[in-house]
There are 2 protein chains.
Amino acid sequence: MHRTRGERLMEYSIGVDIGGTKIAMAIVDQNGKVFYKNTYPTPNTTNLETMKLLNENVLNLIDIANQESMHLVSVGIGSAGQVDYENGKILSGTVNIKDWNNVDIRGFLSQTTKLPIYVDNDANTFVIAEHQLGGGKNVNDIISITLGTGIGGGVVTGGKVLRGAWGGAAELGHLTVKFDGPKCNCGSIGCIETYASGSGIANRMRERLQNVTSEKFSYYKEHPEKLTSKEVFEWYEHDFSEAKEVINLAITALAYGVVNVIHTFNPSTIIFGGGLAESNRWFITEVQKKVKEIGLSSLVKDVEIKVSELGYDAGLIGAAYQVWADK
Amino acid sequence: MHRTRGERLMEYSIGVDIGGTKIAMAIVDQNGKVFYKNTYPTPNTTNLETMKLLNENVLNLIDIANQESMHLVSVGIGSAGQVDYENGKILSGTVNIKDWNNVDIRGFLSQTTKLPIYVDNDANTFVIAEHQLGGGKNVNDIISITLGTGIGGGVVTGGKVLRGAWGGAAELGHLTVKFDGPKCNCGSIGCIETYASGSGIANRMRERLQNVTSEKFSYYKEHPEKLTSKEVFEWYEHDFSEAKEVINLAITALAYGVVNVIHTFNPSTIIFGGGLAESNRWFITEVQKKVKEIGLSSLVKDVEIKVSELGYDAGLIGAAYQVWADK
């Protein structure tokens, strides 16, 4: 058996990170070390297909753990979309995962694995990893904001993950900062996701391209669906005024969103993650400057704002870590 | 000695509610019953004057409690403004209380009273009362929003009062819902307080009066400082279009603020308090309708939105109740 130095039995947990494009799985130990990691493309057919893939590969990892005498204590899942944490169910994958609605993952996997099954939103598993092992270690009040195609939020307050009545809390991407702003996928208006997510930045740029005659944008005027935030950031570097407008708007909107969460939670630390933050650290620096200018001084002055150090495995590690997080 | 039926010793606590215009004090028992209540005008001179008033009258109540053999366990203070809950200090009374900055209430009163001193923001003591005795009894996830001159917020999540790193959390009046909106007293822009507080409603009306020629507003055009939200609500009842515009804007802004807190906290119950909500219950009904229209359906559909039933003593009772609230 694997034991730590104090002869305490080392525990292991299977982590599963379900995103819109890929699913990552691994065995994770109590120190956050990742073993036997594999990734698979997310099926874009039916939720049964996705459940089959999860089940087969989780059972595989259980076999490996048994062969290696690893003491498995749980399977922890982090998924994009809305999750009913209490009942271990996916409510809705929103637009990012096809047919990922009303899926009883816990019911299904607990029968085949005979292990406790934890299911949470992937933004929550991200903040769990940061709190346990990353930039929020030994900090009791942390907010995480993940900037990708959408914007996810996770909150640790008083040392505990914020869940709310049924686990739907911390939908921080859907904080409205301009109630007469652009329409959001969620049905509401002027959410920070409409300005500062990958899709939001691309959408705001598409609006501007309609009124622009310059040749340099002609390819994307003809193929607006090819435009992503990556091009907008590149154009910003080239000082193209329309792109500067879009990125500056993203900085402003996100800064007001961050101030809203600081005024709400009085946190010590805010940790940004997700591809958009990792690839554009200067963008987070600009958001930070703006936050310190506009927020209530007593609340914003001592808040540390930084980008995750755990990298792309944070959500996966946090998923596995759910079993140990609330202890 | 006063005993409950089970022969458990009944405990009492002194509650102090410090507002911009008056200070209320009383002895409160564990059932929320209020004894020997007195109110005093808030001194608008120096913080020493205010501390002297607090000290004398708290010591008076202690004498009464001793004579009546009431087992006093604490003095609990709820104050307008920003409070350092951990250290029992007033950081700033904001614009509502004169010279109410950096006041070490706990340090001062614990010497003279020899009792444990609790100090919190008055919006937090309001939510404590609602959670313990009011519309949030037996509910673990509650938001309170008090609409007065300003807007205060209180949050109970997972059964505990949300405090944050040093007790500055739940400044819900300063959630921005329009980052290009009107300037707020707090220094930021487009906070819900600029639209839906008493002072915000009056300010938005004053802006409109500047461009209005109608005779009916002439008194207030000459004396804009006399205008309060009360007149604006009356004009709304009389179908005056400028007042309708201001009140509808308040409903919209407040609804987006409420949706922001629902998306953030996934609460079961939202309780409104404060003079503005108590006098205009239809206004809260309109906010509720709008919230259900614009928020994420999974999160807003089951939230109960109501006005406090505890009335004007809620903050006072909650102040006294701090000692029992976290047990």
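Residues numbered from 1 in each chain as written. Chains lettered and ligands numbered in written order. Predicted model: local features only at pLDDT ≥ 70, side-chain atom pairs only at ≥ 80, totals over all residues. Heavy atoms only, no water.

**Looking at the overall build of chain A**
To keep it simple, the criterion reads: Secondary structure elements are taken from DSSP: a helix is a run of H or I of four residues or more, a strand is a run of E of two residues or more, and numbering for both begins at the N terminus. Atoms counted for the radius of gyration: C-alpha only. Globule rule: 2.2 Å times residue count to the power 0.38. Burial classes: relative accessible area under 20% of the type maximum marks a residue as buried, over 50% as exposed, and values in between as partly exposed (1.4 Å probe, protein chains only). In this description, contact between two residues means that some pair of their heavy atoms is separated by no more than 4.5 Å. Computed by Shrake-Rupley with a 1.4 Å probe, the accessible areas treat only the displayed protein chains as cover when residues are assessed.
When helices and strands are tallied, chain A shows twelve helices and 13 strands. Relative to a compact globule of 327 residues, whose C-alpha radius of gyration would be 20 Å, chain A shows 20 Å and is just as compact. A principal-axis box enclosing the C-alpha atoms of chain A has dimensions of 65 × 50 × 35 Å. Within chain A, the proportion of its 327 residues that are buried is 61%. Long-range contacts, defined as pairs at least 24 residues apart, comprise 62% of the intrachain contacts of chain A with a sequence gap of at least 6. Roughly 13,300 Å² of accessible area belongs to chain A as shown, and the carbon and sulfur atoms make up 46% of that amount.

**Section: the sheet that holds strand 8 (residues 117-121) of chain B**
All names here are of chain B. As a reminder, the rule being used: Here a strand pair is declared whenever DSSP counts at least two bridges between the two strands. Axis lines are fitted to C-alpha atoms, over the contacting stretch for helices. Their N-to-C directions set the angle, which ranges from 0 to 180 degrees.
Strand order in the open sheet made by the five strands is 3-2-1-4-8, with mixed pairing throughout. Where the open sheet ends on each side, the last strands, each with one partner, are strand 3 (34-41) and strand 8. Pairs of neighbouring strands in the sheet enclose a mean axial angle of 15°, with direction left out of account. Relative to strand 2 (residues 22-29), strand 1 (residues 11-18) runs antiparallel, the two sharing seven bridges. Residue serine 13 lies in a different strand from strand 2, and its bridge partner there is valine 28.

**Some words on the packing of helix 7 (residues 229-237) of chain A against helix 8 (residues 241-265) of chain A**
Geometrically, a packed helix pair is captured by the angle between its two axes and the distance between the axes. Residue and element names in this part refer to chain A. Formally: When an angle is under 35 degrees it counts as roughly parallel; over 145 it counts as roughly antiparallel; between 65 and 115 it counts as roughly perpendicular; any other value is oblique. The crossing is said to be left-handed when, going from far helix to near helix, the turn is anticlockwise and less than a right angle, and right-handed when the turn is clockwise. Residues are sorted three ways: Asp, Glu, Lys and Arg are charged, Ala, Val, Leu, Ile, Met, Phe, Trp, Tyr, Cys and Pro are nonpolar, and all the rest, Gly among them, are polar.
Relative to each other, helix 7 and helix 8 sit at 115°, their axes nearing to 8 Å. With respect to their mutual orientation, helix 7 and helix 8 come out roughly perpendicular. Considering only the axes of helix 7 and helix 8, their crossing is left-handed. For the pair formed by helix 7 and helix 8, the contact residues are Val232, Phe233, Trp235 and Tyr236 on the first element and Ala243, Lys244, Val246, Ile247 and Asn248 on the second. Here the residues of the contact of helix 7 with helix 8 sort into seven nonpolar, one polar and one charged.

**Brief notes about the pairing of strand 4 (residues 71-79) of chain A**
Residue and element names in this part refer to chain A. The buried count for strand 4 comes to eight of nine residues, which makes it a mostly enclosed element. Direction of pairing for strand 1 (residues 11-18) relative to strand 4: parallel, over a ladder of eight bridges. Paired with serine 13 across the strands is serine 74, a residue of strand 4. Where strand 4 and strand 8 (residues 117-121) come together, five bridges link them in parallel fashion. Residue pairing for strand 8: serine 79 is matched across the bridge by asparagine 121.

**Here's the deal with helix 5 (residues 198-209) of chain B**
Residue and element names in this part refer to chain B. Note the following rule: What a helix should span is 1.5 Å times the count of its residues minus one.
Its twelve residues place the ends of helix 5 17 Å apart at the C-alpha level, agreeing with the 16 Å of an ideal helix rising 1.5 Å per residue. Residues of helix 5 that are buried: Gly198, Gly200, Ile201, Ala202, Arg204, Met205, Arg208 and Leu209. Looking at the buried positions of helix 5, the neighbouring elements they touch are helix 4 (193-196), helix 6 (218-222), helix 7 (229-237), helix 8 (241-265) and helix 9 (275-279).

**Looking at the domain arrangement of chain A**
Residues and elements named next belong to chain A. Operational definition: Bear in mind that the domain bounds are from an automatic or database domain assignment. Joining two parts hides part of their accessible area as seen by a 1.4 Å probe, and the buried area is that hidden amount summed over both. Each salt bridge in this description consists of a side-chain nitrogen of Lys or Arg and a carboxyl oxygen of Asp or Glu lying within 4 Å of one another. Two N or O atoms form a polar contact when they lie within 3.5 Å of each other; inside protein one atom must be a possible hydrogen donor and the other a possible acceptor, and for residues adjacent in sequence the pair counts only when both atoms belong to side chains.
Along its sequence, chain A is carved into domain 1 (11-131 + 313-325) and domain 2 (139-308). Its C-alpha centre places domain 1 at a distance of 27 Å from the equivalent point of domain 2. Counting residues at the interface gives 16 residues for domain 1 and 24 residues for domain 2. Around 1,600 Å² of area is buried between domain 1 and domain 2 when both sides are counted, 59% of it from carbon and sulfur atoms. For the domain 1 face of the interface with domain 2, the top three residues by lost area are Phe126, Val127 and His131, together amounting to 34%. Our enumeration of links across domain 1 and domain 2 arrives at one salt bridge. In this structure, aspartate 120 and arginine 163 form a salt bridge, with 2.4 Å as the shortest nitrogen-oxygen distance. Between the two partners, domain 1 and domain 2, sit four residue pairs in polar contact (both at pLDDT 80 or more). At the level of secondary structure, the elements contributing two or more residues to the side of domain 1 that touches domain 2 comprise strand 5 (82-84) and helix 3 (122-133).

**Here we look at the interface of chain A and chain B**
The interface is formed by 41 residues belonging to chain A together with 40 residues belonging to chain B. In this assembly, chain A and chain B are joined by two salt bridges. With a closest N to O distance of 2.8 Å, aspartate 180 of chain B and lysine 178 of chain A form a salt bridge. If you look at where chain A meets chain B, you find 26 residue pairs in polar contact (both at pLDDT 80 or more). When contributions to the side of chain A that touches chain B are tallied by element, the ones reaching two or more residues are helix 8 and helix 11 (297-300) of chain A. The greatest single-element share of the side of chain A that touches chain B, amounting to eight residues, is contributed by helix 8 of chain A. Per-class residue counts for the side of chain A that touches chain B are 20 nonpolar, 16 polar and five charged.

**Section: the nonpolar core**
We apply this condition: Residues grouped as a nonpolar core are buried Ala, Val, Leu, Ile, Met, Phe, Trp, Tyr and Cys residues, joined through side-chain atoms within 4.5 Å.
Core analysis: the largest hydrophobic core is formed by 119 residues, its most contacted members being Phe283 of chain A together with Phe283 of chain B. Apart from the residues within four sequence positions on either side, phenylalanine 283 of chain B is in contact with Leu147, Phe233, Ile247, Ala250, Ile251, Leu254 and Leu276 of chain B.

**Overview of the packing of aromatic side chains**
Note the cut-off: Only Phe, Tyr and Trp rings take part, Trp by its six-membered ring, and two of them pair if their centres are within 6.5 Å. Stacked means planes under 30 degrees apart, edge-to-face means over 60, and tilted covers everything else.
With the rule as written, the count across this model stands at 25 aromatic pairs over all chains. When the centroid spacing of 4.7 Å and the interplanar angle of 70° are considered together, the rings of phenylalanine 217 of chain A and tryptophan 235 of chain A count as edge-to-face. Of this pair, phenylalanine 217 of chain A sits in the loop between helix 5 (198-209) and helix 6 (218-222) while tryptophan 235 of chain A is found in helix 7, placing the two residues 18 residues apart along the sequence. A relative accessible area of 8% places tryptophan 235 of chain A in the buried class. With a centroid separation of 5.9 Å and an interplanar angle of 20°, the aromatic rings of tyrosine 256 of chain A and phenylalanine 179 of chain B are classed as stacked. Note that tyrosine 256 of chain A is positioned in helix 8 and phenylalanine 179 of chain B in the loop between strand 11 (160-161) and helix 4, a pairing that runs across two chains. For the residue pair tyrosine 256 of chain A and phenylalanine 179 of chain B, the accessibility class agrees, reading buried in each case. Ring-pair connections join several aromatic residues into one group, and the members of that group are Phe217, Tyr219, Tyr220, Trp235 and Phe240 of chain A.

**Points about the relation of the copies chain A and chain B**
Let me state the cut-off plainly: When the copies are superposed, the least-squares fit draws on C-alpha atoms of residues that have pLDDT of at least 70 in both.
For the match of chain A to chain B, the screw axis carries a shift of 0.0 Å, the RMSD comes to 0.0 Å, and the turn is 180°. In the structure described here, the two chain copies are related by an operation that fits a two-fold rotation axis. In this assembly the copies share their binding face: 98% of the residues contributing to the interface of chain A also contribute to that of chain B.

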